[in-house]
Amino acid sequence: VQLQASGGGLVQPGGSLRLSCAASGIIFSSNDMRWYRQAPGKQRELVAGITSGGSRNYEDFVKGRFTISRDNTQKMVYLQMNGLTPEDTAVYYCNAHKYSNRRNFDYWGQGTLVTVSS
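Just so you know, these numbers come straight off a predicted model, no measurement behind them.

Participant: Honestly, the nonpolar core in this entry has me stumped. Any pointers?
Facilitator: The tendency in soluble globular proteins is for nonpolar side chains to be buried side by side. Trp35, Val77, Leu79, Met81 and Tyr92 are the most contacted members of the largest nonpolar core, which has 28 residues in total. Every element with two or more residues in this core is listed here: strand S1 (2-6), strand S3 (17-24), strand S4 (32-38), strand S5 (45-50), strand S7 (66-71), strand S8 (76-81), strand S9 (90-100) and strand S11 (112-116). Once residues within four sequence positions are removed from consideration, Tyr92 is found in contact with Leu19, Trp35, Tyr36, Arg37, Val47, Phe66, Leu79, Met81, Gly111, Thr112 and Val114.

And the structure:
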């Protein structure tokens, strides 16, 4: 299983970035896909998720600014981030999650760094 996140970089406050995550080695359409982030000195936290059925959920701190989407044909998940603030600076991780046979399966990508600074 491989999750390859990309799209991070340096952006000014108020700017936008689009993160991408390419998945392989899993039945992509059967997995819920999530973006997490980890800021320096902080714990990893959930940012947004999209279920295998396409339902989206967002943490309050990104609602109205971030949009998660997926393309099952291409096995890709995206995170469009608008209105970025310095507080959004973190390493962003792609996660694939599936519950099967009473077990949770979680797979992680390597992360992509987002730095919001003027």
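Participant: Please clarify how the state of the cysteines should be interpreted in this entry.
Facilitator: One way to say it: the disulfide is the covalent bond shared by the sulfur atoms of two cysteines. Summed over all chains, the structure comprises one disulfide. The disulfide that involves Cys21 links it to Cys94, with 2.1 Å between the sulfurs. Handedness here is read from the sign of the S-S torsion; for Cys21 and Cys94, about -85°, the answer is left-handed. One end of the pair, Cys21, is in strand S3; the other, Cys94, is in strand S9, and 73 residues separate them in sequence. Note on Cys21: relative accessible area 0%, which makes it buried. Since its relative accessible area comes to 0%, Cys94 is described here as buried.

How each quantity is defined
Residues numbered from 1 in each chain as written. Predicted model: local features only at pLDDT ≥ 70, side-chain atom pairs only at ≥ 80, totals over all residues. Heavy atoms only, no water. Core = buried A, V, L, I, M, F, W, Y, C linked by side-chain atoms within 4.5 Å. Buried < 20%, exposed > 50% of the residue type's maximum accessible area, 1.4 Å probe, protein only. Helix = DSSP H or I, 4+ residues; strand = E, 2+ residues; numbered from the N terminus. Contact = heavy atoms within 4.5 Å. Disulfide = S-S within 2.5 Å.

What is shown is where atoms sit, not what they do.
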